[in-house]
Amino acid sequence: MTVTTLVPLAFNSESYGDAYSRINGLVVVGEGLADRHFRRLAELIPGDREVLQRLGAMEGRHAVEFVGCGRNLGVRPDAALARRLLEPLQRQFTRADQAGDLVSCLVIQCLLIECIAVAAYRLYLPVADPYARAITDGVIRDEAEHLNYGENWLRARYPAVTPAVRACAEQALPAALQIVQALQDDLRTIGIDPAALVAEFVMEFQAALEAIGWSGEEARRLVTRLTARALAAGSA
Ligand code: PL3
Ligand code: FE2
Ligand code: FE2
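Residues numbered from 1 in each chain as written. Chains lettered and ligands numbered in written order. Predicted model: local features only at pLDDT ≥ 70, side-chain atom pairs only at ≥ 80, totals over all residues. Heavy atoms only, no water.

**A few points about the coordination of the iron ion (ligand 3)**
Next up, step 1: For the iron ion (ligand 3), the full set of protein donor atoms is Glu59 (OE), Glu114 (OE), Glu114 (OE), Glu143 (OE) and His146 (ND1), at a range of 2.0 to 2.3 Å.
Next up, step 2: Coordination at the iron ion (ligand 3) is irregular: its six donor atoms span angles of 57 to 154 degrees at the metal.
Next up, step 3: Between the donor residues of the iron ion (ligand 3), the gaps in sequence give the motif E-x54-E-x28-E-x2-H.
Next up, step 4: Here the iron ion (ligand 3) and the iron ion (ligand 2) are spaced 3.3 Å apart, and both take Glu59 as a donor. Remark: His146 and Glu143 occur in helix H5 (residues 130-155); sequence separation between them is three residues, near one turn of the helix.
Next up, step 5: Taking the relative accessible area as the measure of exposure, Glu143 reaches 1% and is therefore buried.
Next up, step 6: With relative accessibility at 0%, the residue His146 sits in the buried group. (Donors = N, O, S within 2.8 Å, 3.2 Å for Na, K, Ca; no water. Tetrahedral: all angles 85-135°; square planar, octahedral: opposite > 155°, others 65-115°. Helix = DSSP H or I, 4+ residues; strand = E, 2+ residues; numbered from the N terminus. Buried < 20%, exposed > 50% of the residue type's maximum accessible area, 1.4 Å probe, protein only.)

This is the structure in C-alpha cells:
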C-alpha cells in the first residue's frame with residue numbers, strides 16, 4: 001500500500017532554498033535562452049519579425065520575473081549549472097541554424113522547450129509560494145502563445161516538414177528529458193514529482209504533434225519510443 005503524505009513546504013528552509021537555487025537557475029537561464037532563440041527566429045522569418053520580437057521580449061520579462069521569485073526567497077540562481085544543463089539544446093539549435101534548418105529551430109524552441117516550460121510551470125503552480133504563484137500563473141498563459149506560434153507555422157507546412165520534425169525530435173526530446181532527470185531530487189524537494197512532470201510533458205508534446213497534423217497514433221508511437229529510450233539511458 002502506498003501512503004502519500006503531503007508535507008507542507010517550508011519555503012524558507014535551507015533545503016528548499018538549496019533546491020530552489022538550481023531549479024530557479026534553470027528557469028532563469030532557460031527564459032534568457034528562449035529570448036535569444038525568438039530574436040534569432042525573428043531574423044530568420046522576416047515576415048513575422050515583429051511577432052517574434054514580441055515573443056522574445058516576453059521571454060526576457062519572464063527571466064526578470066523569475067529572478068524576482070528567487071530574490072523573494074533570498075535565493076541566488078545557480079546559473080553555471082543551468083548553462084551546463086541547457087547546453088545540448090542550445091547546441092542543437094545553433095547547429096540547425098548554421099545548417100539553414102529552420103524547421104528544427106522551431107521544433108526545438110517552440111515545441112520542445114515550450115512544452116517543457118508549460119508542463120513544469122503547470123505542476124509548479126499548486127506548490128509555489130504565493131509570490132511565485134502569481135507570476136507563474138501569468139507566465140503559463142504566455143508560454144501557450146509561444147507553443148501556438150510554432151504549431152501554426154509547422155501545421156501550414158504539413159506534411160513537407162514531417163521528416164525534419166521527426167529527425168529533430170529524435171535528438172532534442174532526449175536532451176529535454178535529461179534536464180528533468182538531472183534535477184529530479186530538487187524537483188521533489190520543491191514539491192514536484194519528476195515522473196508526473198515527464199508524463200505532463202509527454203502529453204503536451206504529443207498534443208503539439210497532433211496540432212501540426214500528425215495522427216494521434218503516429219504522435220504516440222514516436223513520443224513513447226523516444227521517452228522510453230531517454231529514461232532507460234538516464235537511469236543506466
Ligand atoms: C520558455 O519560455 C522558457 C523555458 C524555460 C525552461 C524551463 C524548464 C523547466 C524544467 C524543470 C523545472 C520545473 C520547475 C518550475 C519552477 C518554476
Ligand atoms: Fe517563457
Ligand atoms: Fe516561452
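So much for the structure itself; the text now carries on.
**Observations regarding empty space enclosed by the protein**
Next up, step 1: Taken as a whole and assessed by the stated rule, the structure comprises one cavity of 30 Å³ or more.
Next up, step 2: Of the voids in this model, the largest cavity is the one considered here, and its volume is about 490 Å³.
Next up, step 3: Considering the residues around the largest cavity, the lining is formed by 30 residues, among which Leu26, Val27, Ile116, Ala120 and Tyr121 are closest to the centre.
Next up, step 4: Breaking the lining of the largest cavity down by element, the ones donating at least two residues are helix H1 (14-44), helix H2 (49-72), helix H3 (79-98), helix H4 (102-124) and helix H6 (162-182).
Next up, step 5: By residue number, the principal contributor to the lining of the largest cavity is H4, which donates nine residues.
Next up, step 6: Its residues assigned to classes, the lining of the largest cavity comprises 23 nonpolar, three polar and four charged. (1 Å grid on protein atoms, 1.4 Å probe; cavity = no way out; pocket = protein on both sides within 12 Å on 5 of 7 lines; lining within 4 Å. Points joined across faces, edges and corners; volume = space filled by probe spheres on them. Nonpolar A, V, L, I, M, F, W, Y, C, P; charged D, E, K, R; others polar.)

**A word on the packing of aromatic side chains**
Next up, step 1: Overall, the coordinates contain five aromatic pairs when judged by the stated rule.
Next up, step 2: Here the aromatic rings of Tyr16 and Tyr20 are separated by 5.7 Å at their centres, their planes lie at 20 degrees, and the arrangement is stacked. In this pair, Tyr16 and Tyr20 are both assigned in helix H1, four residues apart and thus about one turn of the helix distant. Accessibility assignment for this pair places Tyr16 and Tyr20 in one class, buried. (Phe/Tyr/Trp six-rings, centres within 6.5 Å; stacked < 30°, edge-to-face > 60°.)

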